[in-house]
Amino acid sequence: MAKNKKNVLIFFTDQQRADTLGVHGNPLNLTPNIDYDAMTGTHCENAFTPQPVCLPARAALQTGKYSSEINCNTNDDVLPTTERTLAHHFNDAGYETAYFGKWHLNACDTAPFKEPQGGYKTWCAANILEFISDAYETVLFDETGKEVRLPGYRVDATIDLAIRHIDKKKDQPFFMMVSLLEPHMQNTRDDYPAPTGYQSRYIDAWTPPDLRALGGTSAQHLPGYYGMVKRIDEAYGRVKDALRSLGILENTIVLFTSDHGCHFKTRNTEYKRSCHDSSLKIPMVWSGAQFSHGGRLPNNISLVDVPPTLLDACGIPVPDDMSGQSILPLVNRTDNNFREHIYAEISESHVGRCVRTSRWKYSIRQLPDNTFIDDFLYDIKADPWELNNIIGYRSHQRVVKVMRERLVKQMLAIGQEEPTIIDAEEVDSKQYAVTEAEAFL
């Protein structure tokens, strides 16, 4: 392998809450391998998806652009063939590119996804894996559209495929994405099928405070969900062991992250598609190469920042049309000039726009006449579990004004029309007081 080129592996999960990780406070020891890399590598403590639904989030990850910029707003859209993915950039730089697992960038098509397959040279994947496979029935398709059936639990089957490919390509630079369906539900029966025996380990286990307060389906589904996360971590450990045994661990950038979170039907009638951290906040851990000993980053970092970061870390030019920012200056402590907020778009449940700083979250909802109305305001410092919506409070009008200006500026920056926003109905809130300085936090 060329000594000046690093390998890259994205270990991608689906619908995984950040607080399933021990470094985010989960006490169940579900993720010792990922936690280890968070403590010895680079941990993005405040990482978020720019769109809490599968296809739009995956489009952002592949392109470094917000979903509205590339018309990938819902699960029924298709990634335009005119968009350059991570694979295209790494192909041009002389890498072997490969994709394994769930794709879901071709609307909700269950048929084999042939060309163009996002530019990836090696391909064994399915567009919407949750509808054509099951926990112990892994079905993927190769580059020609031929069905590939793999033995074992679905996580393990996909990881086995990836490890074999790593061994095959170990002597040349590779860019690989391993995209697991887990811990996403099995849509065909609204269930979270853990490996046999794993679900029973977590019956009546620790429940995050938002789910404890709001309920939803968490009592029914958390045991299976946690069992899936446990197996994901074991699989992650296997991949790292394979890299270690082949002598390429230190020269391989490994990113662990997810497309969005899961609120277990507490915020609407399904599992995501809301502006709350339970939907938006995701795990993000980097290891290897420049990310070894990068430490904990408190900055607000988005999935849209991943493509420019990977290209930057591998010495590949970052296109000017990417909306994300490279986090490498944060990792190297050379420049802390990073945006203070993350921006997210909501679709399918409703059309919404959201901006979040370290202190405040503000979200608007589109009305039938194409105007917007104030929808949510949360004080993250006082209410980290977002149980008290303070939109409309007279005491927080200054906060709304500042956050609205920030949101509109972001929308305009990515080519959206300036929105007309209607104030929420005013609420008297004598028990609250917010200083002007706090409004800018």
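Let me sum up the structure you'll find in this document.

Criteria and cut-off values
Residues numbered from 1 in each chain as written. Predicted model: local features only at pLDDT ≥ 70, side-chain atom pairs only at ≥ 80, totals over all residues. Heavy atoms only, no water. Salt bridge = Lys/Arg side-chain N within 4 Å of Asp/Glu carboxyl O. Helix = DSSP H or I, 4+ residues; strand = E, 2+ residues; numbered from the N terminus. Buried < 20%, exposed > 50% of the residue type's maximum accessible area, 1.4 Å probe, protein only. Phe/Tyr/Trp six-rings, centres within 6.5 Å; stacked < 30°, edge-to-face > 60°. Lys NZ or Arg CZ within 6 Å of the ring centre and 35° of its normal. Core = buried A, V, L, I, M, F, W, Y, C linked by side-chain atoms within 4.5 Å. Contact = heavy atoms within 4.5 Å. Axes fitted to C-alpha atoms, helices over the stretch in contact; angles between N-to-C directions. Parallel < 35°, antiparallel > 145°, perpendicular 65-115°, else oblique. Nonpolar A, V, L, I, M, F, W, Y, C, P; charged D, E, K, R; others polar. Arc of directions from axis to C-beta. Pairing = 2+ DSSP bridges. Polar contact = N/O pair within 3.5 Å; in protein donor to acceptor, adjacent residues only side chain to side chain.

### Notes on the pattern of salt bridges
Okay, step 1: All chains considered together, the criterion is met by 37 salt bridges.
Okay, step 2: Ionic pairing is found between Asp 37 and Lys 240, a salt bridge with its closest N-O pair at 2.4 Å. Of the two residues, Asp 37 is situated in helix H1 (residues 32–40) and Lys 240 in helix H7 (residues 218–245); the sequence distance between them amounts to 203 residues. Each member of the pair, Asp 37 as well as Lys 240, carries the same accessibility label: buried.
Okay, step 3: It is possible to trace a salt-bridge network through shared partners that takes in Asp 14, Arg 58, Lys 102, Glu 130 and Asp 259.

### Remarks on the packing of aromatic side chains
Okay, step 1: Summed over the entire model, instances satisfying the criterion amount to 22 aromatic pairs.
Okay, step 2: Ring centres of Phe 11 and Tyr 236 lie 5.4 Å apart, and the angle between their planes is 80°; this geometry places the pair in the edge-to-face category. With Phe 11 in strand S1 (residues 7–13) and Tyr 236 in helix H7, this pair connects stretches of sequence that are 225 residues apart. Neither residue differs from the other here; Phe 11 and Tyr 236 are each classed as buried.
Okay, step 3: Geometrically, the ring pair formed by Trp 103 and Trp 123 is edge-to-face, given 5.1 Å between the ring centres and 70° between the ring planes. Pair noted here: Trp 103 is in the loop between strand S3 (96–102) and strand S4 (122–126) and Trp 123 is in strand S4, with a separation of 20 residues, a long-range link.
Okay, step 4: You can call Trp 103 buried: its relative accessible area is 2%.
Okay, step 5: When its relative accessible area of 2% is taken as the criterion, Trp 123 is described as buried.
Okay, step 6: Through successive ring pairs, a cluster of aromatic residues spans Phe 90, Tyr 95, Tyr 99, Trp 103, Tyr 120, Trp 123 and Phe 175.
Okay, step 7: Over the aromatic face of Tyr 198 sits the side chain of Arg 201, whose NZ or CZ is 3.8 Å from the ring centroid.

### Re the nonpolar core
Okay, step 1: In terms of nonpolar packing, the biggest core is built from 51 residues, with Phe 11 and Met 176 touching the most fellow members.
Okay, step 2: The leading source of residues in this core is H7, at ten residues.
Okay, step 3: Discounting chain neighbours no more than four positions away, the residues touching Met 176 are Val 8, Leu 9, Ile 10, Ala 98, Phe 100, Ala 162, His 165 and Ile 166.
Okay, step 4: Judged by nonpolar contacts, the second largest core, of 46 residues, contains Cys 44, Ala 125, Leu 303 and Val 306.

### Considerations on the packing of helix H5 (residues 154–168) against H7
Okay, step 1: Across the interface, H5 lies against H7 with an axial gap of 10 Å and an inter-helix angle of 10°. The pairing of H5 with H7 is recorded here as roughly parallel in orientation. Residues Val 155, Asp 156, Ile 159, Asp 160, Ile 163 and Ile 166 of H5 touch H7, and the partners they reach there are Arg 231, Ile 232, Ala 235, Arg 238, Val 239, Ala 242 and Leu 243.
Okay, step 2: A breakdown of the residues in the contact of H5 with H7 according to their chemical character gives nine nonpolar, no polar and four charged.

### Focus: helix H9 (residues 306–313)
Okay, step 1: The element H9 is largely enclosed, with a buried count of seven among its eight residues.
Okay, step 2: Taken residue by residue, H9 has Val 306, Pro 307, Pro 308, Thr 309, Leu 310, Leu 311 and Ala 313 as its buried positions.
Okay, step 3: Of the residues flanking the end of H9, it is Gly 315, one or two places downstream, whose phi is positive at about 70°.

### Some remarks on H1
Okay, step 1: Of the positions making up H1, those classed as buried are Ile 34, Asp 35, Asp 37 and Ala 38. End-on, the buried residues of H1 take up no more than an arc of 160°, which puts them together on one face. Away from its buried face, by an angle of more than 90 degrees, H1 presents the exposed residues Tyr 36 and Met 39.
Okay, step 2: The inward-facing, buried residues of H1 abut strand S2 (42–48), H7, strand S8 (252–258) and strand S10 (284–287).

### Let's talk about the sheet that holds strand S16 (residues 421–422)
Okay, step 1: Read across the sheet, five strands follow the order S12-S13-S14-S15-S16 without closing on themselves; strand pairing throughout is mixed. The outermost strands of the open sheet, each flanked by one partner alone, are strand S12 (342–346) and S16.
Okay, step 2: The pairing of strand S13 (residues 352–356) with strand S14 (residues 360–366) spans five bridges and is antiparallel. Each residue of the ladder has a partner; that of Val 355, found in S14, is Tyr 362.
Okay, step 3: Set on the sheet, helix H11 (residues 397–413) makes contact with S12, S13, S14, strand S15 (372–379) and S16; between it and S14 the angle comes to about 65°.

### Observations concerning the side chain of Asn 127
Okay, step 1: Its place among the elements puts Asn 127 in the loop between S4 and helix H4 (129–132).
Okay, step 2: Take Asn 127: its relative accessible area is 3%, and that puts it in the buried class.
Okay, step 3: Separated by 3.0 Å, the side chain of Asn 127 and the backbone oxygen of Asn 106 make a polar contact.

### A short note on the environment of Leu 249
Okay, step 1: Here Leu 249 is to be found in the loop between H7 and S8.
Okay, step 2: Judged by relative accessible area, which is 14%, Leu 249 ranks as buried.
Okay, step 3: Setting aside anything within four residues of it in sequence, one finds Leu 249 in contact with Lys 240, Leu 243, Arg 244 and Gly 288.

These figures come from the coordinates and say nothing about function on their own.
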